[in-house]
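Results of the structural survey
So you can see what is in the structure, the chains are spelled out below.
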Amino acid sequence: DDFRTVNVSPIIKKEGYTYYADKPELLLFTDRFLYKPGETVKVKGILRYRKNDEWALTPDEKQSEISTLQIVAYNSREEEIFNDEVDVNDMGRFRF
């Protein structure tokens, strides 16, 4: 029952439609959805920046580019099982 959690900023609702503020967004995925107990879960991720209604590899001039992420994962008993920094490459990809 181990799983990884990531804090993601909520979508801002404005005037009846979904408005995305300029902010970084993460997508995490694994090579399969089910693992046997004791198997190592390999996670990959993609970091993109939201600029108005477009996706970009780099932030706007008001933000600094993210080159390292702190990943913290907890199991179902809220015990920390993973805590490490991962590097983000030029294409916004990372793995752990």
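The structure contained in this document is the topic of the report that follows. Everything numeric here is computed off the predicted structure, so don't read it as measured data.

1. Re the nonpolar core
One broad rule of soluble globular proteins: the nonpolar side chains tend to lie buried together. The biggest cluster of nonpolar side chains holds 9 residues, and these are V43, L47, Y49, L69, I71, V86, V88, F94 and F96. Contributions of two or more residues to this core are made by β5 (43-51) and β7 (68-75). For this core, the leading source of residues is β5, giving 3 residues. Those residues in contact with I71 that lie beyond four places of it in its chain are F82, N83, D84, V86 and F96.

2. Regarding the pairing of strand β8 (residues 80-87)
For β7 and β8, the ladder comprises 7 bridges, and the chain directions are antiparallel. Pairing of T68 across the sheet is with D87, part of β8. In sequence, β7 turns back onto β8 through a hairpin of 4 residues, with E78 there showing a positive phi of about 60°.

Definitions and cut-offs
Residues numbered from 1 in each chain as written. Predicted model: local features only at pLDDT ≥ 70, side-chain atom pairs only at ≥ 80, totals over all residues. Heavy atoms only, no water. Core = buried A, V, L, I, M, F, W, Y, C linked by side-chain atoms within 4.5 Å. Buried < 20%, exposed > 50% of the residue type's maximum accessible area, 1.4 Å probe, protein only. Helix = DSSP H or I, 4+ residues; strand = E, 2+ residues; numbered from the N terminus. Contact = heavy atoms within 4.5 Å. Pairing = 2+ DSSP bridges.

Limitation: the analysis is restricted to geometry and does not speak to function.
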